[in-house]
Amino acid sequence: TRMATLSAPLLRSHHRHLPVRSSPRRCRTAAFPRGFVPLEPLSSRGPPRTAVRSASTSAAAPEAAEATGGAAPSETAAEEVEAQARVVLPTNESSENLLRIRHTVTIGPWIDNGFYYDFDMEPLTDKDLKKIKKEMDRIIRRNLPLVREEVSREEAQKRIQALNEPYKLEILERIKEEPITIYHIGEEWWDLCAGPHVESTGKIQRKAVELESVAGAYWRGDENNQMLQRIYGTAWESEDQLKAYIHFKEEAKRRDHRRLGQDLDLFSIQEDAGGGLVFWHPKGAIIRHILEDSWKQTHLQRGYDLLYTPHVAKADLWKISGHIDFYKENMYNQMDVEDEPYQLRPMNCPYHILVYKRKLQSYRDLPIRVAELGTVYRYELSGALHGLFRVRGFTQDDAHIFCLEDQIKDEIRGVLDLTEEILGQFGFRNYEVNLSTRPEKSVGSDDIWEKATIALKDALDDKGWGYTVDEGGGAFYGPKIDLKIEDALGRKWQCSTVQVDFNLPERFDITYVDSHTEKKRPIMIHRAILGSLERFFGILIENYAGDFPLWLAPTQARILPVTNNELQYCNEVASELKSRGIRAEVCHGERLPKLIRNAETQKVPLMAVVGPKEVEARTLTIRSRHNGEMGTMPVDDFISKIQSAVAEKSSL
């Protein structure tokens, strides 16, 4: 059950208190940033931004200063922001006290930044939230004790029925342990809960709790069930922590990829085409092109062969793979093609297996590594869609390795090295690594599970990466390594995975011929590094706050004429830059301050201002978005600087 327990007396006489999603006996937590974080994206910090001034005219100086716009924040405001940034935000895992506080304002499980609780009632408004928070404050001030009571299942059922709480009866049915525990707030209210809680409501700081929003949520996440009203809230140990969290939220909002995607014209979701389907605009498409080219080149250098495979296949293929039996709810309806059912692919694995099976393979051919940027389609409820993070069609950076048992360790180590190389170029170097082992239900022999698990452990140890073992958390078909990256806000994102598979080789009966001319079953390794291009692009947008590094920026240099008299020379410069592989454009038709302001808003890394003196000397006056004034220089020097910086993936 997840309602703000402290608010219960306000609502109990009118509405039913509703638990949702999972038993209070099975609380879970999620990672939250370990501390407050830098406000600038990785690899994009620099000195305060200043205006560009053309060497041609001093009149450009005040205009350029105007273009940067906005007064500096007051000293007091700046000190407050700095203080908030210094506050270290605890997590549910790191602070027992925080966990107890959050569990006291909801019966669990708590969530990464607070709590929520669901109600079967008419829609709530922000005005209602204020009333609820006022009542919560009153209960905190009363310092009511929280008392634990153990009762029999029959007694708990009797009490719940007396309150006419059918949802809680369902929760009670899911609790397998006994005795049943109930927590009371004084003598006013009780609820099913396993604890732990603070000793009394007065242990919670009123100014460290905030109700944030209301959203709709289906009972138990099933769209066929009742739509409930979900109240989200946050709770911390102190007012300073709450302020720091609010500051964090504001920064996250500033970086929201959905807003930046629109502001920077990178992508869109066109409702006329359907939800969850991504349209890459020219600027976003050029970034994708850079990502794909780099990805392909790196894989070719690492001994992978590239594949392109169809987006549909006969339904029989998905029966063989087991997807229709075990993954059907995530697949789209079949289509009829000449009286034969076909299926949009939800995964690429069966296609890569068919490529492997096209001919008889020898042990001398192994390992075989194949990779594809393959687009897949998975059904998602419309309410679950979220920008680029949750879509219905996306492109995976998929690869599969077919190898011998004694090659597993080296191949896994190679994947870890490749992962570090690819993620490192974007500035992602802090990882959380998990090794998941054999679950209770699995396929494959004890011997092969042990060999594969040891190989994964040895590869991680050789790499020198610390990792957490999730005992029994592996897939039924093999052990796996999952890697989360940490962004500029300290948030963790699941991207990379490497999984050993004993299942699909058996289902598709793939073999190789060993040194004794006997047919043997190869080991299959699934692996992805970026995860999906769409989701990874969303992560990049938020990590960089849309301020892409020079090598990745859709427009690397914008050339700005002081007047239209310099336009011909600007076009000549742009053509030269483009011919040398630099993404450049000319912008004109506005006064210089407006042109500079637009370039700043669009987060263009380099601006080249051109006035009469630059035309006469065949030069450019350059300003870097991150390093300020670079002075006046010949066009060839400017090109050389850009090319060197791009090659080194550094800024100018």
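Residues numbered from 1 in each chain as written. Predicted model: local features only at pLDDT ≥ 70, side-chain atom pairs only at ≥ 80, totals over all residues. Heavy atoms only, no water.

Novice: Teacher, can you tell me more about the packing of helix H10 (residues 282-301) against helix H17 (residues 533-544) here?
Specialist: A packed helix pair is summarised by two numbers, namely the angle formed by the two axes and the spacing between the axes. In the contact formed by H10 and H17, the axes pass within 12 Å of each other and the chain directions differ by 110 degrees. By the angle between their directions, the pair H10 and H17 is classed as roughly perpendicular. In contact with Gly284, Ile287, Arg288, Leu291 and Glu292 of H10, H17 contributes Leu533, Glu534, Phe537 and Leu540. Class assignment for the residues of the contact of H10 with H17 results in five nonpolar, one polar and three charged. (Axes fitted to C-alpha atoms, helices over the stretch in contact; angles between N-to-C directions. Helix = DSSP H or I, 4+ residues; strand = E, 2+ residues; numbered from the N terminus. Parallel < 35°, antiparallel > 145°, perpendicular 65-115°, else oblique. Contact = heavy atoms within 4.5 Å. Nonpolar A, V, L, I, M, F, W, Y, C, P; charged D, E, K, R; others polar.)

Novice: Is there a simple way to think about the sheet that holds strand S24 (residues 584-586) in this case?
Specialist: Sheet strands associate in pairs through backbone hydrogen bonding, adopting either a parallel or an antiparallel arrangement. Within the open sheet, the five strands sit side by side as S24-S23-S25-S26-S27. Their pairing is mixed. Sheet topology places S24 and strand S27 (628-634) at the edges, where each strand pairs with a single neighbour. Averaged over neighbouring strand pairs, the angle between their axes works out to 25 degrees when direction is ignored. Of the strand pairs in this sheet, strand S25 (residues 606-610) and strand S26 (residues 619-624) are connected by four bridges, and their pairing is antiparallel. Of the residues in S26, the one forming a bridge with Met607 is Arg623. Of the strands in this sheet, strand S23 (557-561), S25 and S26 are in contact with helix H19 (residues 592-601), which crosses S23 at around 170 degrees. (Pairing = 2+ DSSP bridges.)

Novice: Before we go on, may I ask you to explain the environment of Pro561 in this structure?
Specialist: Relative to the helices and strands, Pro561 is located in strand S23. Exposure remark for Pro561: the relative accessible area of 2% places this residue in the buried category. Along the primary structure Pro561 and His588 are separated by 27 residues, whereas in three dimensions their C-alpha atoms are 6.4 Å apart. Sequence-distant contacts of Pro561, defined by excluding residues within four places in its chain, comprise Glu566, Leu567, Cys570, Val586, Cys587, His588, Leu592, Leu595 and Val610. (Buried < 20%, exposed > 50% of the residue type's maximum accessible area, 1.4 Å probe, protein only.)

Novice: I'm lost on the side chain of Thr309 in this one. Help?
Specialist: Looking at where Thr309 falls in the secondary structure, it is placed in the loop between strand S10 (305-306) and strand S11 (312-314). Among the polar contacts listed, one links the side chain of Thr309 to the side chain of Arg345, at a separation of 2.6 Å. A polar contact of 2.8 Å, which involves the side chain of Thr309, links it to the side chain of Glu372. Beyond its immediate stretch of four places on either side in the chain, Thr309 contacts Arg345, Tyr351, His352 and Glu372. (Polar contact = N/O pair within 3.5 Å; in protein donor to acceptor, adjacent residues only side chain to side chain.)

Novice: How should helix H18 (residues 567-579) be read in this particular structure?
Specialist: One turn of an α-helix holds 3.6 residues; hence residues three or four places apart share an orientation. Taking 1.5 Å of rise per residue, 13 residues should cover 18 Å, and H18 covers 18 Å from first to last C-alpha, within 8% of that figure. All buried positions along H18 are accounted for by Leu567, Tyr569, Cys570, Val573, Ala574 and Leu577. Angular distribution of buried residues about the axis of H18 spans 155 degrees; they occupy a single face of the element. Exposed and oriented more than 90 degrees from the buried face of H18 are Gln568 and Ser579. (Expected span 1.5 Å × (residues − 1). Arc of directions from axis to C-beta.)

Novice: When you look at the packing of helix H14 (residues 408-424) against helix H15 (residues 446-463) in this model, what are you seeing that I'm missing?
Specialist: Between H14 and H15, the least distance of the axes is 8 Å, while the angle of their chain directions is 45 degrees. Relative to H15, H14 is oriented oblique. Relative to H15, the crossing made by H14 is right-handed. Taking contact as the criterion, the partners of Ile408, Lys409, Ile412, Arg413, Leu416, Asp417 and Glu420 in H14 are, on H15, Ala452, Ala455, Leu456, Asp458, Ala459, Leu460, Asp462 and Lys463. Looking at the contact of H14 with H15 residue by residue, the classes come out as eight nonpolar, no polar and seven charged. (Left-handed = near helix turned anticlockwise from the far one by under 90°.)

Novice: It is not clear to me how the environment of Lys283 should be interpreted in this structure. Could you clarify?
Specialist: In this fold, Lys283 is placed in helix H10. Linking Lys283 and Ala553, residues 270 residues apart in sequence, is a C-alpha distance of 8.6 Å. Once residues lying within four places of it in the same chain are set aside, the contact partners of Lys283 are Leu264, Asp265, Leu266, Pro554, Arg558 and Gln602.

Novice: Before we go on, may I ask you to explain the packing of aromatic side chains in this structure?
Specialist: With the rule as written, the count across this model stands at 17 aromatic pairs. Aromatic side chains Phe389 and Trp493 sit 4.8 Å apart centroid to centroid with 50 degrees between the ring planes, which places their arrangement in the tilted category. Placement of Phe389 in the loop between strand S14 (368-377) and strand S15 (393-403) and of Trp493 in strand S19 (residues 492-501) is noted, with a sequence separation of 104 residues between them. Both residues of the pair, Phe389 and Trp493, belong to the buried class. Here the aromatic residues Trp280, Phe537, Tyr544 and Phe548 are joined through ring pairs into a cluster of three or more. Across the ring face of Trp280, the terminal group of Arg288 is positioned such that the distance to the ring centre comes to 5.0 Å. Here the basic side chain of Arg345 rests over the ring of Tyr351, its NZ or CZ set 5.0 Å away from the ring centre. (Phe/Tyr/Trp six-rings, centres within 6.5 Å; stacked < 30°, edge-to-face > 60°. Lys NZ or Arg CZ within 6 Å of the ring centre and 35° of its normal.)

Novice: Before we go on, may I ask you to explain a positive patch on the surface in this structure?
Specialist: On the surface, a cluster of positive charge is made up of Lys134, Arg141, Arg206 and Lys207. Mapped onto the elements, Arg141 comes out in helix H5 (residues 126-142). (Patch = residues over 30% accessible without salt bridge, like charges linked within 9 Å, V, L, I, M, F, W, Y side chains within 5 Å. Areas by Shrake-Rupley, 256 points an atom, 1.4 Å probe, with all protein chains shown as cover. Salt bridge = Lys/Arg side-chain N within 4 Å of Asp/Glu carboxyl O. Lys, Arg positive; Asp, Glu negative; His and termini not counted. Charge placed at Lys NZ, Arg CZ, Asp CG, Glu CD.)

Novice: Even after reading the chapter, I still don't get the sheet that holds S11, so can you show me in this structure?
Specialist: Reading across the sheet, the three strands line up as S11-S13-S12 and stay open at both edges, with antiparallel pairing between neighbours. Only two strands of the sheet have a single neighbouring strand rather than two, namely S11 and strand S12 (335-337). Averaged over all pairs of adjacent strands, the angle between strand axes in this sheet comes to 40 degrees, irrespective of strand direction. Of the pairings in the sheet, the one linking S11 to strand S13 (residues 340-344) comprises three bridges and is antiparallel in character. The residue of S13 that forms the bridge with Val312 is Leu344.

Novice: Quick question: what am I supposed to make of the pattern of salt bridges here?
Specialist: Two side chains bearing opposite charge may form a pair once their charged atoms approach each other closely. As enumerated under the stated definition, the model contains 47 salt bridges in all. Glu149 serves as the salt-bridge partner of Arg159, at 2.9 Å between the closest nitrogen and oxygen. Taken as a pair, Arg159 in helix H6 (residues 153-162) and Glu149 in strand S3 (residues 146-151) lie far apart in primary sequence, ten residues in all. Assessed through its relative accessible area of 22%, Arg159 is described here as partly exposed. Its relative accessible area of 24% is what places Glu149 among the partly exposed residues.

Novice: What exactly am I supposed to notice about unusual backbone geometry here?
Specialist: Trans peptide bonds make up the majority, and among non-glycine residues the majority have a negative phi. Cis geometry is adopted by the peptide bond preceding Pro196, which originates at Gly195 and carries an omega value of 5 degrees. If you trace the backbone, Pro196 turns up in the loop between strand S5 (189-192) and strand S6 (209-218). Unlike most non-glycine residues, Asp509 shows phi in positive territory, near 50 degrees. Turning to its location among the elements, Asp509 is positioned in the loop between helix H16 (504-507) and strand S20 (512-513). Positive phi is not limited to glycine here, since Thr517 has a value of about 60 degrees.

Novice: Any chance you could explain the confidence of the model for the protein here in plain terms?
Specialist: Parts of the prediction with low pLDDT should not have their coordinates interpreted in detail. For the protein, the mean per-residue pLDDT works out to 86, and 86% of the residues sit at or above 70. Predicted confidence is poor over residues 1-75, with pLDDT under 50, and the contacts of this stretch with residues over four places away or in other chains come to 243 contacts. (pLDDT = per-residue confidence, 0-100.)

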